Amino acid sequence: MKDVIGKLKSVLKRVLPEPLLKQLKFIYKYLDLMGFIVFLPHVPKMLYFQRVRFAYRLKRISINIECPHTEAQIISFINSFLSIPSTIEGCIVEAGSYKGGSAAKFSIGAKLANRQLVVFDSFQGLPENEEPHDKSVLGHSIKDWFKGGIYCGTFDEVLRNIEKYGEIEVCKFIKGWFEDTMPIFSYKICGAYLDVDLASSTKTCLKYLYPLIVPGGVLYSQDGDFPLVIEVFSSDEFWEKEVGCPRPFIEGLGKDKLIKIVKPISQLKKV
Ligand SMILES: C[S@@+](CC[C@H](N)C(=O)[O-])C[C@H]1O[C@@H](n2cnc3c(N)ncnc32)[C@H](O)[C@@H]1O
């Protein structure tokens, strides 16, 4: 289904005039409201009026902050960490915050779950890189999408956005390149969300964050449609040698944009 939507989008982009495309994008954004309608009844730990307020806050963020994600993706992760029993320790981690839209949304979920949200970002956009991205597996071109400096949200912007629309008191920010900041991070993690675009950044996140995830915890990547990122997740050698454990089962790998790992209870910790 998602493949069909991806292909349909790339055909429409080629054949439709720009003004009509804009109208369609607007309608699509609001159809994403369907994400809420499908997911909302299942959001655990919330009474009905709380769910409606939660949906309202998420939508308010999408309207006021540039958000390169869908509500369904965000709600899927929030649902997942809200379902983890409170007896299981661990914070929530976001790698890649851009303007703070997703972080503001996760902070609302983290507060409900009574957990801290740790946000990793350079706050200067993507690092310089020479990764040869070409086409997403969903069919659209991603050539030149991930140049250095793209997706830049400054620290002040992110802070302001979360203060205004999210729950700043549950947030901790770790500023810098993942390669420098993640090796010295040691908190237990019960949910990690990667939206980092590059294969190199994904590698760093998996290498340093996955070993910190508690058994039963989850790791999501929103970059599951990028072939170079799929290569990282699929490589047995990378998991064995760099992460220090066998490759776990990865839901949606090679098919979906949002992919997910539930850390097995028996997964060995990196030594
Ligand atoms: C697509 S944006 C994130 C979008 C955000 N999750 C949202 O939905 O609003 C990618 C982010 O990853 C960050 N990033 C990617 N690689 C990085 C690295 N190696 N070190 C630090 N930040 C990195 C960029 O700064 C950027 O903010």
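Report follows, based on the coordinates.

Brief notes about the sheet that holds strand β4 (residues 189-194)
Then, in step 1: The strand order across the open sheet formed by 6 strands is β3-β2-β1-β4-β5-β6, and the pairing between neighbours is mixed. Both edges of this open sheet fall to β3 (171-175) and β6 (259-262), since each of them pairs with a single strand only. When the angles between neighbouring strand axes are averaged without regard to direction, this sheet yields 15 degrees.
Then, in step 2: Bridge count for strand β5 (residues 213-221) against β6 is 4 bridges, and the pairing is antiparallel. Counterpart to leucine 219 in the pairing with β6 is isoleucine 261.

Comments concerning the site of the ligand
Then, in step 1: By nearness alone, 21 residues border the ligand, and His69, Gly96, Asp121, Asp195 and Ser201 come closest of all.
Then, in step 2: At 3.3 Å from an oxygen atom of the ligand is found a main-chain nitrogen or oxygen belonging to tyrosine 151.
Then, in step 3: The fraction of the free accessible surface of the ligand (600 Å²) that becomes covered by protein chains is 100%.
Then, in step 4: Across the shell around the ligand, the residue classes break down as 8 nonpolar, 8 polar and 5 charged.

Definitions and limits used
The numbering scheme is per chain: residues are counted from 1 as the chain's sequence reads. Only residues with pLDDT of at least 70 get local features here, since the model is predicted, and only at 80 or more are side-chain atom pairs given and counted; chain-wide, interface and lining totals rely on the full set of residues. Side-chain metrics rest on all non-hydrogen atoms present in the structure, leaving aside hydrogens and water. The criterion for strand pairing is that DSSP finds at least two bridges linking the strands in question. Counting from the N terminus, the helices are the DSSP runs of H or I reaching at least four residues and the strands are the DSSP runs of E reaching at least two. A fitted line through C-alpha atoms serves as each axis, taken over the contacting stretch for helices, and the angle formed by two N-to-C directions is quoted from 0 to 180°. Only heavy atoms are used to decide nearness, and a residue is near a molecule or strand if one of them lies within 4 Å of it. Distance and chemistry together define a polar contact, namely a pair of N or O atoms within 3.5 Å, with one atom able to donate a hydrogen and the other to accept it when in protein, and with adjacent residues in sequence counting only for side-chain atoms on both sides. Residue-level accessible areas treat just the shown protein chains as cover; the underlying method is Shrake-Rupley with a 1.4 Å probe. Gly is put with the polar residues, along with every residue not named as nonpolar or charged; the nonpolar set is Ala, Val, Leu, Ile, Met, Phe, Trp, Tyr, Cys and Pro, and the charged set is Asp, Glu, Lys and Arg.

In short, shape yes, function no, at least from these values alone.
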